[in-house]
Amino acid sequence: MTGAARVLRAAVVPLALVALTALAGVVLGRVYAGDLLTGLVVGAAAGSVLVSVAARRLPSWLVAPVSVAAMAGWTLWSLRLAANRAELPGGLLEITGDAARNGIPRLLTAMIPVEPTPDTVLVPVVAAWLAGLAGAEVALRTGRVLLGYLPAAGLYAAALYVVGPNATPAVGVTVAFVAVAAVGLAAPTAAAPAAADPATELAPRVRAAVRLRLAAGAALGVALVVGLVALLGPVVADQVDGRPVDPRRYVEPPQVQTLDENPLIRISGWALHPEQKLLDVSTERAGVAPPASGGVPPEGEPAGAAGGGVRIRLAVLSDYDGVTWRVGATYRNAGRILPAASPPRDSTVETVRQQITVAELSGRLLPAVATPREVSGARVAYDPASGTLIRPEGLTPGLRYAVTSAEAEPDENLLASANVPAGEEVARVLRVADGVPDPMRRLAAQLAEDNGAPYARALAIEQFLGEHYRVVADAPSGHAYPNLGFFLFGPRAGGGQEGTSEQFAAAFAVLGRLSGLPTRVVVGFRAGGQGPVLAGDAFAWPEVLFDGLGWVPFDPLPRPNEEPRPVEEDFRPTPEDPPPSEAPAPTVEPTASPEPVVAADGPPGRGGVSTPLLVAGGSGGLLLLVGALLLTLWAMRRSLTRARLVQGDPGQRIAGAWREVTDALRLAGRPVGDDLAATEVAGHAREALAEARARATGDGATGDGATGDGPSVDELAGLLNQVGFAPDAAAAGQAARAAELATAYVANLRAARPWWRRLLWSVHPSPLRRSRR
């Protein structure tokens, strides 16, 4: 065989290992934006295997440090490249530390498609290098190719698990993985040279028997494999169309605080400090021009949106529970490129680019024109359902970022005939929480009864709010049902019928849902295209969802210099001339409170047993139950003592007397171990009795154990030792003496205890539990 052929055969297994590890990167790269992640994983796979091949003559213990050093270099270069591609600021050390701390959680909370940033490429690159290193060392040094495939197979399975249901099934890649593995297994390695058939040296009859046995074993193995395939094949086939588990469901996405979950409550605070500078904005518009309407915004657009003005969105609030409007978003870490959503069918899209610098705006919500498509200069998390952006680290003064948005402009000529969607997809924005005030329901019904079309109903609500209510800067915050009820129907002289844009937008959204319109509330800023954005530019507006047109904003705020009309002029607080079947029943004033009827054989009030009697009966029953329990424990303890001291042969009775002593020590709080000799226990018993008597008399002396009861315990210990060494030598008189000594000691020890412990002594269940051991 030529040298080139030998090199080619020797390269089959390393190339197979590189390919298997690289295929894991191909699988994982399907949920990444671009091909950077795949390229980095392929480089890690090739580098790890090549280092092992180049260092094959080195001792095995030296290969790992060399390979890890090479891995560090490749990883640092990969992180720097990813940071440059994502335009992330910061030095290499800062980027590496942040990626090491947050690599795994950000990988599992990142939005699909995942942008290759340092924190989302670190784990795949390191895992690919380690898998290639482990596989190469096992396959090339020991010749166990199949075992060397395990790290690459595990990495491939992990990549499939991370991808989950977020990509199409990787059938082609999996077939390629199996094919490459088969090629690597088919190629012989230097560590496993071909061997001669050992059966050729055997006698013909023995050789035939060996070969027959091998053939039978092979046939049995094939039959077993076929049987397993037939048994497990249908089960595996049923799982082919099953939806894989998404590991992201087990990882908590970035969370926000109350002010970011409900920024609507910040409107009143901003209104009191209108000169506070929140942002600096620079806006550029490009792409499709607005509809040919002379730049005049459609009905419902605020005046500030015309003439080059821009509406900057801070948060979208879709959930309302009757107390609070909330964003209710599920944020996912995102890169520069955000998921593209299809624009509404009957709308035009204009590209808006903004440079925004944060001044005094706080929180985590990141302002942007709807709908953001690309963000650079800040790490963001994004909720595609609402289009809301957050910066998980929070906003800081001086933060500068660029955002490109696709602003959809509905065709206003189609609004009058547009319908609204229904069903489960919009149930969230149609839900009306329980507890709606009745006047609010009647107002919604009145505004909807003469306006059948959805857009006409929305305009009726907008017009009613704009004509009957006043905007004031010092109105208190609040948009719960009671707050909205006071805003809509409260006396004008008492502060009712006036509020900030918070109450106008919330009232519109609730009345709209009561009229069958899918609504939500948006908090943002009305500003010009260039310059500062002040707190006075903050406001809230409602939006209504129309088929084919998307979310359309409305402006229920009153027009400038218009005096609102009293609500009572246009709202009927009660139904007029109700039909006879609905007429309220006449109210009858009671003359006097009726006297309670007294039962013939009982006290006045409800029939049945009186409360004092019930309490007395329950207390008596409880006392009887406790008494019965204590009596049962006392009887069982007495029975146990009698069994120990009276029943059995003399040796058993002496042992029982000794157990009475050890139980008494345990009840006195001075337990003894089972490993102590009888004489040691006797000394312990003397000390325990002396201490108990000293505490009882209050003289504080513990004594040396030389009491009148000391020798009795020693005598009992001697009897126990005699039984232990000569069980059959114990006499009945000795057993009786042992019982007498144990009874006297237990009585003396109990008498030295406090009175309440003496009461509990005879009913304590501890000796009963130990007697069962």
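Predicted model, so just to flag it, every value in this text is computed and none were measured.

Here we take up the environment of A131. Turning to its location among the elements, A131 is positioned in helix α5 (residues 118-142). In contact with A131, not counting residues within four places along its chain, are P151, A152 and L155.

Right, let's talk about the nonpolar core for a bit. Among the nonpolar cores identified, the biggest contains 82 residues, and W270, L279, W325, L361, Y401, F525 and F546 are the most heavily contacted of them. Among the elements that take part in this core, helix α14 (residues 501-514) stands out by supplying 8 residues, more than any other. Once residues within four sequence positions are removed from consideration, F546 is found in contact with L415, A418, N419, V420, P421, P454, Y455, V552 and F554. Counting 48 residues, the second largest nonpolar core, distinct from the first, contains V41, M71, A139 and A181.

The subject of this paragraph is the pattern of salt bridges. A full pass over the atoms with the stated rule returns 28 salt bridges. Measuring nitrogen to oxygen at the nearest pair gives 3.3 Å for the salt bridge that ties R565 to E467. Of this pair, R565 sits in the loop between β17 (550-553) and α15 (611-645) while E467 is found in helix α12 (residues 454-468), placing the two residues 98 residues apart along the sequence. You can call R565 partly exposed: its relative accessible area is 31%. Residue E467 is classed as partly exposed on the basis of its relative accessible area of 25%. Here the salt bridges do not stand alone but share partners, grouping D98, R101, R106, D119, R379 and E393 into one network.

Our next topic: the packing of helix α11 (residues 438-449) against helix α13 (residues 481-489). Here α11 crosses α13 at 60 degrees, and the two axes come no closer than 10 Å. On the basis of the axis angle, α11 is oblique to α13. Every pair of crossing elements has a handedness; the one defined by α11 and α13 is left-handed. Contacts from P439, M440 and L443 in α11 reach Y481, L484, G485, L488 and F489 in α13. A per-class count over the contact of α11 with α13 returns 7 nonpolar, 1 polar and no charged.

Further remarks concern the sheet that holds strand β9 (residues 380-383). Strands sit in the order β5-β9-β10-β7 across an open sheet of 4 strands; the sheet is antiparallel. Each edge of the open sheet is held by one strand with a lone partner, namely β5 (332-334) and β7 (365-366). Relative to β9, β5 is paired through 3 bridges, and the arrangement is antiparallel. Considered in β9, the bridge of N333 is made with A381.

Let us look at unusual backbone geometry. Residue T371 follows A370 across a cis peptide bond; omega there is -5 degrees. Structurally, the position occupied by T371 is in the loop between β7 and β8 (372-376). Despite not being glycine, Q497 shows a phi value in the positive range, around 65 degrees. Its place among the elements puts Q497 in the loop between α13 and β13 (498-499). Under the relative-accessibility criterion, Q497 is labelled buried at 2%. Positioned with a positive phi, N561 is a non-glycine residue whose angle comes to about 65 degrees. Within the element layout of this structure, N561 appears in the loop between β17 and α15. With a relative accessible area of 85%, N561 lands in the exposed category.

Turning to its location among the elements, G512 is positioned in helix α14. By relative accessible area, which is 0% here, G512 ends up buried. For G512 and A460, which are 52 residues apart along the polypeptide, the C-alpha to C-alpha distance reads 9.9 Å. Beyond its immediate sequence surroundings of up to four residues, G512 is in contact with I461, L517 and T519.

Parameters and conventions
Residues numbered from 1 in each chain as written. Predicted model: local features only at pLDDT ≥ 70, side-chain atom pairs only at ≥ 80, totals over all residues. Heavy atoms only, no water. Helix = DSSP H or I, 4+ residues; strand = E, 2+ residues; numbered from the N terminus. Contact = heavy atoms within 4.5 Å. Core = buried A, V, L, I, M, F, W, Y, C linked by side-chain atoms within 4.5 Å. Buried < 20%, exposed > 50% of the residue type's maximum accessible area, 1.4 Å probe, protein only. Salt bridge = Lys/Arg side-chain N within 4 Å of Asp/Glu carboxyl O. Axes fitted to C-alpha atoms, helices over the stretch in contact; angles between N-to-C directions. Parallel < 35°, antiparallel > 145°, perpendicular 65-115°, else oblique. Left-handed = near helix turned anticlockwise from the far one by under 90°. Nonpolar A, V, L, I, M, F, W, Y, C, P; charged D, E, K, R; others polar. Pairing = 2+ DSSP bridges.

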